[in-house]
Amino acid sequence: MNAREASLEALEKCRRDGAWSAAVIDAAIKKAALDRREAALASHIVLGVLQNRTLCDFYISCLCTVKKIEPKVHDILRLGVYQLLFLDKIPARAAVNETVSLCRTAGCARAAGLVNAVLRKIADSKDDLPEIPNKGTAEHLSVKYSHPLWLAERIISEKGYDFAEKFFAANNRPSGIYIQVNTLRLSVEEYSRILSENGVGHTVCGCPHGCIELAGGNITSLPGFDEGLFYVQDAAARTAAEIADARENEKVLDVCAAPGGKSFAAAIKMKNTGKIISCDIHEKKLRLISDGAKRLGIDIIETQCSDARAVREEFIGAFDTVIADVPCSGMGVIGKKPEIRFKKENELNELPDIQLDILRTVSKYVKVNGTLLYSTCTVLKCENEDVIERFLAENDFFRLCPFETGSVRAENGMHTFWPNVEGTDGFFAAKLIRIR
């Protein structure tokens with residue numbers, strides 16, 4: 001397979017099976033044995049199509065005379081349209097010809113004429129494409145930025161039209177990769193120097209401490225990976241450890257811990273003293289935490305398989321800090337996982353109740369004067385502020401605690417990180433203190 005054939009296979013699996021893009025891209029690249037250049041093109045095409053699928057479909061619908069298109073042919077058309085509209089380094093003629101050839105190798109030779117006609121229309125009218133209708137409405141943003149209509153309506157109602165547009169645009173821009181330096185082994189300055197000496201472009205972030213942004217690349221090939229000099233974690237998620245502020249020799253519980261980033265951050269902040277119990281409902285994911293801790297030289301983490309909603313009697317009142325990064329819709333990480341945008345609104349209806357159940361249970365584990373950190377990787381108010389307000393309405397043992405981290409000052413004890421504001425993943429954190 002070449003890059004486009006691998007891209008088509010990955011797109012089919014995402015559409016048909018609801019598979020995660022990162023996993024299917026890696027599998028398709030490996031299966032096709034693509035070199036670095038072809039692998040980069042395949043990855044770019046798949047992520048780009050997923051990020052812009054609704055927009056591609058809009059132009060296809062405007063310029064295609066056939067209204068019912070076979071799903072596989074539709075994927076091929078999207079692949080071609082994306083190349084024409086977004087990949088300037090690929091000549092239009094090459095994009096059209098390669099995509100038409102893909103019809104034949106993919107068993108869709110009968111559709112080659114249709115694909116050729118549609119793509120040539122788009123190539124010829126690239127500077128005068130049909131206008132996206134309903135400017136100034138949720139429908140317009142939904143098509144322009146390929147986000148679900150329900151999400152556009154909700155963000156507009158909560159934050160306004162201009163903010164929503166900036167949020168959606170940020171989700172469609174290439175996102176950087178953040179790594180966190182393992183300061184148990186070396187300083188941020190020392191690791192930055194190692195990256196520079198190896199020709200790795202990077203930016204040391206002012207906050208949180210230890211965070212470095214990379215433009216991209218293979219993480220496992222970075223200097224010091226095997227030696228545990230860093231781990232991967234977004235800046236906003238890393239900030240959660242700063243907000244929780246676990247101290248040396250304390251006892252910490254991370255109730256939804258996989259793949260382990262918050263546990264690692266807490267352990268480093270605690271200088272590998274005290275104890276951290278890292279739990280997850282999926283036993284196979286605990287291996288990720290154990291292996292990661294071993295690579296980083298952290299020995300205070302103990303993993304346990306546990307349902308965060310089930311009360312553990314031995315945990316009651318036993319922890320100085322409890323971190324609850326609960327299951328959520330993921331609407332803050334669309335930039336990294338573009339397929340999340342295809343979730344249906346009704347798929348999320350049960351989440352706030354699940355999140356509240358977890359909060360009710362794990363709040364029992366916090367010592368008096370201890371800290372409970374509630375966090376999600378979503379920006380939806382119904383999963384964030386609303387859950388906290390429901391919890392506090394029925395529980396007077398806790399109060400929100402103001403916090404400050406970097407340029408963020410959360411005087412009410414809650415803050416949503418937005419990709420278009422902080423430049424991080426979308427993320428929410430609420431800090432609660434048990435007062436009695």
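Before going into details, it helps to say that this report is about the structure given with it. All residue numbers here refer to positions counted from 1 along the written sequence of the relevant chain. At least 70 in pLDDT is required for a residue's local features to be given in this predicted model, at least 80 for side-chain atom pairs to be given and counted, and no such filter applies to totals for whole chains, interfaces and linings, which use all residues. The basis for every side-chain value is the complete set of heavy atoms in the structure, and neither hydrogens nor water enter the calculation.

1. Things to note about the pairing of strand S6 (residues 275-280)
Phase 1: Each residue gets one of three labels from its accessible area relative to the maximum for its type: buried under 20%, exposed over 50%, partly exposed in between, using a 1.4 Å probe on protein chains only. Strands are runs of DSSP state E lasting at least 2 residues, helices are runs of H or I lasting at least 4, and numbering of each runs from the N terminus. The element S6 is largely enclosed, with a buried count of five among its six residues.
Phase 2: As defined by bridge partners, strand S5 (residues 251-254) adjoins S6 across four bridges and the pair is classed as parallel. Residue pairing across strands places Leu-253 opposite Ile-277, the latter belonging to S6.
Phase 3: Note on handedness: a clockwise path from strand one over the helix to strand two, with the strands aimed away from the viewer, defines a right-handed crossover. In this view, the connection linking S5 to its parallel neighbour S6 by way of helix H13 (residues 261-269) has right-handed handedness.
Phase 4: Pairing between strands is defined by DSSP: at least two bridges between them are needed. The sheet contact formed by S6 and strand S7 (residues 301-305) spans five bridges and is parallel. The partner of Cys-279 across the bridge, within S7, is Gln-304.

2. Side note on the nonpolar core
Phase 1: Here the nonpolar core consists of buried residues drawn from Ala, Val, Leu, Ile, Met, Phe, Trp, Tyr and Cys, with membership extended through side-chain atoms lying within 4.5 Å. If you look at the biggest cluster of nonpolar residues, it comprises 53 residues, and the most contacted ones within it are Tyr-59, Ile-76, Leu-77, Val-115 and Ile-122.
Phase 2: Listed by contribution, the elements that provide at least two residues to this core are helix H1 (3-17), helix H2 (21-32), helix H3 (36-51), helix H4 (53-63), helix H5 (71-86), helix H6 (92-105) and helix H7 (112-124).
Phase 3: In terms of residues, this core owes the most to one element, H5, which gives eight residues.
Phase 4: Residues are treated as being in contact if the distance between any of their heavy atoms lies within 4.5 Å. If we ignore the near neighbours within four places in the chain, the residues touching Ile-76 are Leu-8, Thr-99, Leu-102, Cys-103, Ala-106, Cys-108 and Val-115.

3. Observations concerning the packing of H6 against H7
Phase 1: Interhelical geometry of H6 versus H7 gives an angle of 165 degrees and a closest axis separation of 9 Å. If you check the angle between H6 and H7, you find them roughly antiparallel. Pair H6 / H7 crosses with right-handed handedness. Contact residues: H6 offers Ala-92, Val-96, Asn-97, Thr-99, Val-100, Cys-103 and Arg-104, while H7 offers Ala-112, Val-115, Asn-116, Leu-119, Arg-120 and Ala-123. Angles here are taken between N-to-C directions and fall from 0 to 180 degrees, while the axes themselves are lines fitted to C-alpha atoms, restricted in helices to the stretch in contact. By the definition adopted for this analysis, an angle is roughly parallel if under 35 degrees, roughly antiparallel if over 145, roughly perpendicular if from 65 to 115, and oblique otherwise. Each helix crossing is assigned a hand: it is left-handed if the near helix lies turned anticlockwise from the far helix by less than a right angle, otherwise right-handed if that turn is clockwise.

Limitation: the analysis is restricted to geometry and does not speak to function.
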